[in-house]
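Here are the chains, one letter per residue:
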Amino acid sequence: MLPRGRPRALGAAALLLLLLLLLLILIGFFLLGGDLACERREQRRPGSFPCALTPRVPPDGHPSEGHPGHGRSDCVPLRPLPRKCELLHVAIVCAGHNTSRDVITLVKSMLFYRKNPLHLHLVTDAVARSILETLFHTWMVPAVRVSFYDADELKPQVSWIPNKHYSGLYGLMKLVLPGVLPPDLVRVIVLDTDVTFASDIAELWALFAHFSDEQVIGLVENQSDWYLGNLWRNHRPWPALGRGFNTGVILLRLDRLRQTGWEQMWKLTATQELVTLPATSLADQDIFNAVIKGHPGLVQPLPCVWNVQLSDHTLAERCYLEAADLKVIHWNSPKKLRVKNKHVEFFRNLYLTFLEYDGNLLRRGLFGCPSPPSPEAEQRALAQLNEEDVCFEFRQQQLTVHRVHLTFLPHEPPLSQPHDVTLVAHLSMDRLQMLEVLCRHWPGPMSLALYLTDAEAQQFLRFVEASVVLSARLDVAYHVVYREGPLYPINQLRNVALAQVLTPYVFLSDIDFLPSYSLYDYLRASIWQLELGRGRKAALVVPAFETLHYHFTFPSSKAELLALLDAGSLSTFRYHEWPRGYEPTDYARWREAQAPYRVQWVADYEPYVVVPRDCPRYDPRFVGFGWNKVAHIVELDAQEYELLVLPEAFTIHLPHTPSLDISRFRSNPTYRECLQALKDEFHQDLSRRYGAAAVKYLTALQQPRGPT
């Protein structure tokens, strides 16, 4: 007979042994087994991931019962990241004005998270190249290279393929990248313009390490039933492996693609399928999937979180459990931000964060990675400025290189005409309300520079899209110069707008002025009558007037204007504040004039003029308020432009709240001293450039005078 306490002791020992056994099983599971919820089919292939990285949605579209890991990325193994300063290559196809804006948002999201140098390979049309080349040149992001490839040269390679997708021919160009990109380029990440990063792109690049020797393409499974052919009756998609793959994010082993004869492979496949199919519905994606269907060993499935697809009928919700899972968001529905999705507010806010993010903050360098010194002389000069200088603000602002986004909105320039004139002006957010009324007064082309933050640029976009008047005027080119610094870079803005003019002549105006209704036609006729196109150098003066009334009837003719002038409703511009700037126009003579008449340059004269588009540029040293137009008229006179006043022309200044810069000029003695210093430097430069011819300007400008 056993002692009474022995059964209890044996029971406790058995329980302890059972717990130890369970602990050993768990340890073995984590060391050897991985996540049992992951499927094992990839383990049998060399070079594959140790468990399934793409959620396996059964053909019925419903997750398997008792499969808690379905649609998750928990089983993704840790991957070694690229070397600290390894250069990562990214290719993007981009065409047109709107897509160029999308590229910038995409690039912002990449730059925000990236820790490696980037080389962007951009396949663009002429419009996108002009926009993006200027943008990246002025953005000056450290450790970012940009190369451009002409999309128009590639069109013959894909134009034979009928395509119903809204991207047109450009949606097929990813197929030809292996033959377009440099032959020594081995790996590249290819992105659609409608993706947004939520993680470091180096993590995506690291997935190249998991390719087997045969695999050449990395793709995420398509997260809809499109290729299953059951979305609607008679739906007949292109062939695909299971659900197929989405090509919004692609990893390409370019060296292997070239070795396998990729060009012949995809062309043969497309030709065969087009015998029975009328066209591609999803552009390059259909052809990639048809190739993979016939050659499944070419593809390496990628984790679904690297292409979370927000299309109609998406199954993307099965790919993630929380925000931390997300890596790349793909707005692959034509509805874009308006797509219906359970978590669309979260995705939309992520996108809007980068859309309105201050791109200047992304100019940060990469710690520990060598970066070549900036080639820009302005940047070197900025580094040498003395912050204790009382005029430091002025010195800094005139040397600042602003990001410039040319033709921010779709623009269709008019057909070239020998005497055509473009109105040139600049504005900031507080003057947007002038645009509609200006369009009503000036029916011709305009080139406008807008000084905005990234967030304000989006407000401006919505403002134009909501305006029937503005959205109909495709001959108005809007160029966004992004805000940076405390002073308004007025002459830099004018130069940006002036440089983009396509007509032979320009009317150099300001946004607060409304030209007479007939001025556009009158200027073109005057240019022809004065034979300015035959070598005659002339600046046509448009007399300026102003009203202090916010509501008044705009004169339709010179006679009506003179009546308003006599009634006191109008006055000559700045008659009370700065008469020297406009008196040389000789308004008394203008009242009676029937033909253009010549006036002489006088110190401080600053009329609004019409000149050839190759006229001297504005002096960018003048920022804020003061002397910005005066200096330009001096340049015109120094280069022997005649000043001819037009007898039927006029423009009227409307009242507005004083700008911050003019308030500072009036209240701050230091501000005025710094302006005087800039004028003195301008005089010295005149002497160097024009020698003895500059004496008259130096004599006339010796005494300090009033404002601009």
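With respect to burial, strand 17 (residues 538-542) is a largely interior element, 5 of its 5 residues being buried. Side chains Ala538, Leu540 and Val542 of strand 17 all project onto a buried face; the interleaved residues Ala539 and Val541 project onto the opposite face, where all are buried too. Taken together, the 4 bridges between strand 17 and strand 22 (residues 642-645) define a ladder with parallel strand orientation. Across the sheet, residue alanine 538 finds its bridge partner in strand 22, namely glutamate 642. As paired elements, strand 17 and strand 21 (residues 608-612) share 3 bridges and run antiparallel to each other.

The next point concerns the sheet that holds strand 20 (residues 597-599). In space, the 9 strands of this open sheet follow the order 11-14-13-12-15-21-17-22-20, with mixed pairing throughout. Each edge of the sheet is formed by a strand with only one pairing partner; in this case those strands are strand 11 (404-405) and strand 20.

Our next topic: empty space enclosed by the protein. Applying the stated criterion to the full structure yields 8 cavities of 30 Å³ or more. In this structure, the second largest cavity spans a volume of roughly 90 Å³. Forming the boundary of the second largest cavity are Arg101, Ile104, Thr105, Lys108, Leu355, His405, Phe408, Asp454, Gln458 and Tyr482. Mapped by element, the contributors of at least two residues to the lining of the second largest cavity are helix 2 (96-113) and helix 14 (454-465). The biggest single contributor to the lining of the second largest cavity is helix 2, with 4 residues. Of the residues belonging to the lining of the second largest cavity, the class tally is 4 nonpolar, 3 polar and 3 charged.

With that out of the way, let us pick up the packing of aromatic side chains. For the structure shown, the criterion picks out 31 aromatic pairs. Summarising the aromatic geometry, the rings of tyrosine 451 and tyrosine 488 are spaced 5.5 Å apart at their centres and angled 85° between planes, so their arrangement reads as edge-to-face. Taken together, the residues span a long stretch of sequence, with tyrosine 451 in strand 13 (residues 446-452) and tyrosine 488 in the loop between strand 14 (476-482) and helix 16 (490-499) at a distance of 37 residues. No difference in accessibility class separates tyrosine 451 from tyrosine 488, as the two residues are buried. Centroid distance phenylalanine 545 to tyrosine 587: 5.3 Å. Interplanar angle 70°. Geometry classified as edge-to-face.

The next point concerns the pairing of strand 1 (residues 88-94). Most of strand 1 sits out of view: 7 of its 7 residues are buried. Two strands pair when backbone bridges link them, and strand 1 and strand 2 (residues 118-124) are joined in this way by 7 bridges, in the parallel orientation. For alanine 91, the partnering residue across the bridge sits in strand 2 and is histidine 121. Handedness of the β-α-β unit built from strand 1, helix 2 and strand 2 comes out right-handed.

Next up on the list: the side chain of aspartate 420. For aspartate 420, the position within the fold is in the loop between strand 11 and strand 12 (421-428). In this structure aspartate 420 is buried but unpaired, with arginine 524 as the nearest side chain of opposite charge at 4.4 Å. At 2.5 Å, the side chain of aspartate 420 forms a polar contact with the side chain of tyrosine 520. Not counting residues within four places of it along the chain, the set of residues in contact with aspartate 420 comprises Pro414, Pro445, Thr503, Pro504, Tyr505, Tyr520 and Arg524.

Formed by 113 residues in total, the largest nonpolar core has its most connected members in Phe460 and Phe507. Counting residues in each nonpolar core, the second largest holds 57 residues, with Cys94, Met110, Phe148 and Val344 among its members.

For the rest of this paragraph, the subject is helix 4 (residues 151-158). Where helix 4 is concerned, the buried positions are Ala151, Leu154 and Val158. The buried residues of helix 4 occupy one face: seen down the axis, they fall within an arc of 60°. Relative to its buried face, helix 4 has exposed residues pointing more than 90 degrees away, namely Glu153 and Pro156. On the buried face of helix 4, the contacting elements are strand 2, strand 3 (144-150), helix 5 (177-180) and helix 8 (262-273). Residue aspartate 150 occupies the N-cap position of helix 4, its side-chain oxygen lying 3.0 Å from the main-chain nitrogen of aspartate 152.

Turning to its location among the elements, valine 308 is positioned in strand 9 (residues 308-309). Sequence spacing of valine 308 and tyrosine 320 is 12 residues, and the spatial spacing of their C-alpha atoms is 8.7 Å. If near-sequence neighbours (up to four positions away) are discounted, valine 308 is found in contact with Gln223, Ala316, Cys319, Tyr320, Leu326, Val328, Ile329, His330 and Phe347.

Turning our eyes to something else, we now look at the sheet that holds strand 5 (residues 195-197). Ordered by their spatial adjacency, 3 strands build an open sheet running 5-10-9, and the pairing between neighbours is mixed. Because the sheet does not close on itself, it has two edges, and the strands there are strand 5 and strand 9. With 2 bridges connecting them, strand 9 and strand 10 (residues 328-330) associate as parallel partners. Among the inter-strand pairings, valine 308 is bridged to a residue of strand 10, identified as isoleucine 329. Contacts from helix 10 (residues 344-355) reach strand 5, strand 9 and strand 10 within the one sheet, and its direction differs from that of strand 5 by about 80°.

Before going further, it helps to examine the environment of arginine 364. Mapped onto the elements, arginine 364 comes out in the loop between helix 10 and helix 11 (377-383). When the C-alpha positions of arginine 364 and valine 141 are compared, they lie 7.1 Å apart, and in sequence the two are 223 residues distant. In this structure, arginine 364 is in contact with Leu111, Phe112, Arg114 and Pro142, ignoring residues within four places of it in sequence.

Rules behind the numbers
Residues numbered from 1 in each chain as written. Predicted model: local features only at pLDDT ≥ 70, side-chain atom pairs only at ≥ 80, totals over all residues. Heavy atoms only, no water. Buried < 20%, exposed > 50% of the residue type's maximum accessible area, 1.4 Å probe, protein only. Helix = DSSP H or I, 4+ residues; strand = E, 2+ residues; numbered from the N terminus. Pairing = 2+ DSSP bridges. 1 Å grid on protein atoms, 1.4 Å probe; cavity = no way out; pocket = protein on both sides within 12 Å on 5 of 7 lines; lining within 4 Å. Points joined across faces, edges and corners; volume = space filled by probe spheres on them. Nonpolar A, V, L, I, M, F, W, Y, C, P; charged D, E, K, R; others polar. Phe/Tyr/Trp six-rings, centres within 6.5 Å; stacked < 30°, edge-to-face > 60°. Right-handed = clockwise from strand over helix to strand, strands pointing away. Lys, Arg positive; Asp, Glu negative; His and termini not counted. Salt bridge = Lys/Arg side-chain N within 4 Å of Asp/Glu carboxyl O. Polar contact = N/O pair within 3.5 Å; in protein donor to acceptor, adjacent residues only side chain to side chain. Contact = heavy atoms within 4.5 Å. Core = buried A, V, L, I, M, F, W, Y, C linked by side-chain atoms within 4.5 Å. Arc of directions from axis to C-beta. Axes fitted to C-alpha atoms, helices over the stretch in contact; angles between N-to-C directions.

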